Amino acid sequence: MFSYRHGFHAGNHADVLKHIALIASVRYMTQKDSPLWVVDTHAGAGLYRLDDDFAGTSGEAAEGVLKLAEAVAAQGADSEQALAPAITGYLDLVKQFNREGRWKIYPGSPFIAQHLLRTEVRDKMKLFELHPSDSTALAAHVAQLGAGRQVSVAREDGFEGLKAVLPPPSRRALVLIDPSYEIKSDYAKVLAAMRDALQRFATGTYMVWYPIIPRPEAHDLPRKLKALGNSFRKPWLHATLAIGQSEDPQRKGGLSASGVFVVNPPHILKAALQPALPQLVELLGRGRGKGHVLESGGG
Ligand code: SAM
C-alpha cells in the first residue's frame, strides 16, 4: 500500500498541470477579504529535492518543470509568443523556493498553496498524509518554515479526515484530492468523498487530480465526476494534459497524461488555462498522443 513516494514524481508534467491549476485558483480565491481554508487530502512530503536519489532515479522533473524552465529561458524575453501568465506565475513561484538560477527544490501542493495564503485574514490549511515517513517530513517542513499556526498536519486517511473539516467556519474552501491511485479502490473513494463533501458543503471548490492510464476506473472517473457535478447542479471544469509517447526506451510506459477535474471552479480558471494548455503541449510534448482538453459544464 505504501510503495508510492511522491519524491519520484515531483515536478513531472502531472505536477505542472495540477500546480498551475492550484496556483491560479488559490490566487483568485485569496482576493476576497474572508478567510480561505485549503484542505489537501493527500499532501505528500511537501518539499522535494530535484537532485536527490528519488528524483535522480526517475528523472521525471526533467520532462516537467525543468524542461519548462529551460524552454522558457531559451525562448528569451523577446519571443513573439508571450507565455500564458498561468505558466510564468507557476515558474516564478517555484523559483522562490530556490536560489537564483538553480532548480533544486520543488514545492509540493502544501507549500505552493501556503505560499499564497494570508496570515492577516487567517487563511488556514489542513493537510492529511498517511505515509509515516512523508507525514513526518511534511510536519518537519511545516515547522521549519514557521507555518505551524496556519497549517495543521494529520497522519490520517484524507478521505475520512475531509468529513470532519467540512464545512469550514469561514464557508470558503478549496479542497485538493490528489491520491496516488496505487490501489484501485482510490477511484471509488474519490467519487464517494466528492459526493459526501458536496452534501456537507455544496459551495466549496473541489479539485481532483487523476492519471490518464489504460485502466477502466481511470477512464470512467471524469465521466462519473461530470455526472456527479451535474446531479448537484454545480459548475465543473475539466482539463487534461498529454505529453505523448517518448522515443526514449527508458521512459516508455511511464505516465504520459493526466487530468484535473474541478467542481465549483473559480470563474477565472478556464480563462487562465485556455492559453496555457496549448503552450504546455508545445513546450513539454514528446510525440504521438500529445494534446490537451479543456471543457466545462454543469451549473
Ligand atoms: N498533493 C501532493 C502534491 O501535489 O505535491 C502529492 C500527493 S501524492 C500524489 C499522494 C500522497 O497520498 C502520497 O504521499 C501518499 O503517501 C498519500 N496517501 C495515500 N493514501 C492516503 C490516504 N488514504 N490518506 C492520506 N494520504 C494518503
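Source: prediction; values computed, not measured.

Trainee: So what exactly am I meant to see when it comes to the overall build of the protein chain here?
Mentor: For the protein chain, the count of helices and strands is 10 helices and 10 strands. Relative to the 2.2 N^0.38 estimate, which gives 19 Å for 299 residues, the radius of gyration of the protein chain is 18 Å and therefore close to what a compact globule would have. The principal-axis extents of the C-alpha atoms in the protein chain amount to approximately 45 × 40 × 40 Å. The buried share among the 299 residues of the protein chain stands at 44%.

Trainee: Could you clarify how one ought to interpret the environment of H9 in this entry?
Mentor: Counting through the fold element by element, H9 comes out in the segment before α1 (13-29). Classification of H9 by C-beta neighbours within 10 Å gives buried; the count is 22. With 281 residues separating them along the chain, H9 and K290 place their C-alpha atoms 19 Å apart.

Trainee: Before we go on, may I ask you to explain the site of the ligand in this structure?
Mentor: The immediate surroundings of the ligand are formed by 21 residues, with H42, G44, G108, S109 and H131 found nearest. Of all elements in the fold, only α1 and α7 (158-165) reach the threshold of two or more residues within the shell around the ligand. Of the residues assigned to the shell around the ligand, the class counts are 6 nonpolar, 8 polar and 7 charged.

Trainee: I keep staring at the sheet that holds strand β1 (residues 37-40) and nothing clicks. Help me out?
Mentor: Strand pairing within a sheet occurs via backbone hydrogen bonds; the two strands may be parallel or antiparallel. Within the open sheet, the 8 strands sit side by side as β5-β4-β1-β6-β7-β9-β8-β10. Their pairing is mixed. Two strands close off the open sheet at either side, each with one partner strand: β5 (151-154) and β10 (291-298). This sheet shows a mean twist of 10 degrees between the axes of neighbouring strands, independent of strand direction. Here helix α5 (residues 109-116) sits on the sheet and contacts β1, β4 (124-128), β5 and β6 (173-177); the angle it forms with β4, its principal contact strand, is near 175 degrees. Strands in contact with helix α8 (residues 185-200) are β6 and β7 (205-211); relative to β7, the strand with the most contacts, it is inclined by about 175 degrees.

Trainee: Is there a simple way to think about the UniProt feature "active site" (unreviewed entry) in the protein chain in this case?
Mentor: When the UniProt feature table is mapped to this numbering, "active site" (unreviewed entry) covers D178. Relative to the elements of secondary structure, D178 occurs in the loop between β6 and α8. Residue classification places D178 among the buried residues on the basis of 24 C-beta atoms within 10 Å. Those residues in contact with D178, other than ones at most four positions away along the chain, are K18, H42, S109 and W209.

Trainee: For this particular structure, what's the right way to read the nonpolar core?
Mentor: One broad trend across soluble globular proteins is that nonpolar side chains are buried collectively. Among the nonpolar cores identified, the biggest contains 85 residues, and I20, A21, V208 and V262 are the most heavily contacted of them. If near-sequence neighbours (up to four positions away) are discounted, A21 is found in contact with M207, A239, V260, V262, L269 and L273.

Trainee: Just checking my understanding: could you explain helix α9 (residues 216-231) for this structure?
Mentor: Residues that lie three or four places apart on an α-helix share one face, since the helix turns once every 3.6 residues. In this model α9 runs 22 Å from its N-terminal to its C-terminal C-alpha over 16 residues, within 8% of the 22 Å that 1.5 Å per residue would give. In the structure, α9 departs most strongly from a straight axis at P222, where the bend amounts to approximately 30 degrees. For α9, the set of buried residues is L221, P222, L225 and G229. Its buried side turned inward, α9 meets α8, β7, β8 (235-242), β9 (257-263) and β10.

Trainee: What should I look at first to understand the environment of L228 in this one?
Mentor: Relative to the helices and strands, L228 is located in helix α9. A residue is classified by how many C-beta atoms lie within 10 Å of it, and L228, with 19 of them, is partly exposed. C-alpha of L228 to C-alpha of R195: the two residues are 33 residues apart in sequence and 7.2 Å apart in space. Each residue touching L228, except ones within four places of it in the same chain, is listed here: L191, M194 and R195.

Trainee: Is there a simple way to think about the confidence of the model for the protein chain in this case?
Mentor: Do not read the predicted coordinates in detail wherever pLDDT is low. In the predicted model, the protein chain carries a mean pLDDT of 93, and the fraction of residues at 70 or more is 95%. For this predicted complex, the interface score ipTM comes out at 0.99, while the overall pTM is 0.96.

The rules behind the values
Residues numbered from 1 in each chain as written. Predicted model: local features only at pLDDT ≥ 70, side-chain atom pairs only at ≥ 80, totals over all residues. Helix = DSSP H or I, 4+ residues; strand = E, 2+ residues; numbered from the N terminus. Rg over C-alpha atoms; globule rule 2.2 N^0.38 Å. Buried ≥ 20, exposed ≤ 12 C-beta atoms within 10 Å, placed from the backbone. Near = placed C-beta within 6 Å. Nonpolar A, V, L, I, M, F, W, Y, C, P; charged D, E, K, R; others polar. Pairing = 2+ DSSP bridges. Axes fitted to C-alpha atoms, helices over the stretch in contact; angles between N-to-C directions. Contact = placed C-beta atoms within 7 Å. UniProt positions renumbered as here; feature names shortened; annotations may be inferred. Core = buried A, V, L, I, M, F, W, Y, C linked by C-beta atoms within 7 Å. Expected span 1.5 Å × (residues − 1). Bend = angle between axes of the 7 residues up to and from the residue. pLDDT = per-residue confidence, 0-100.

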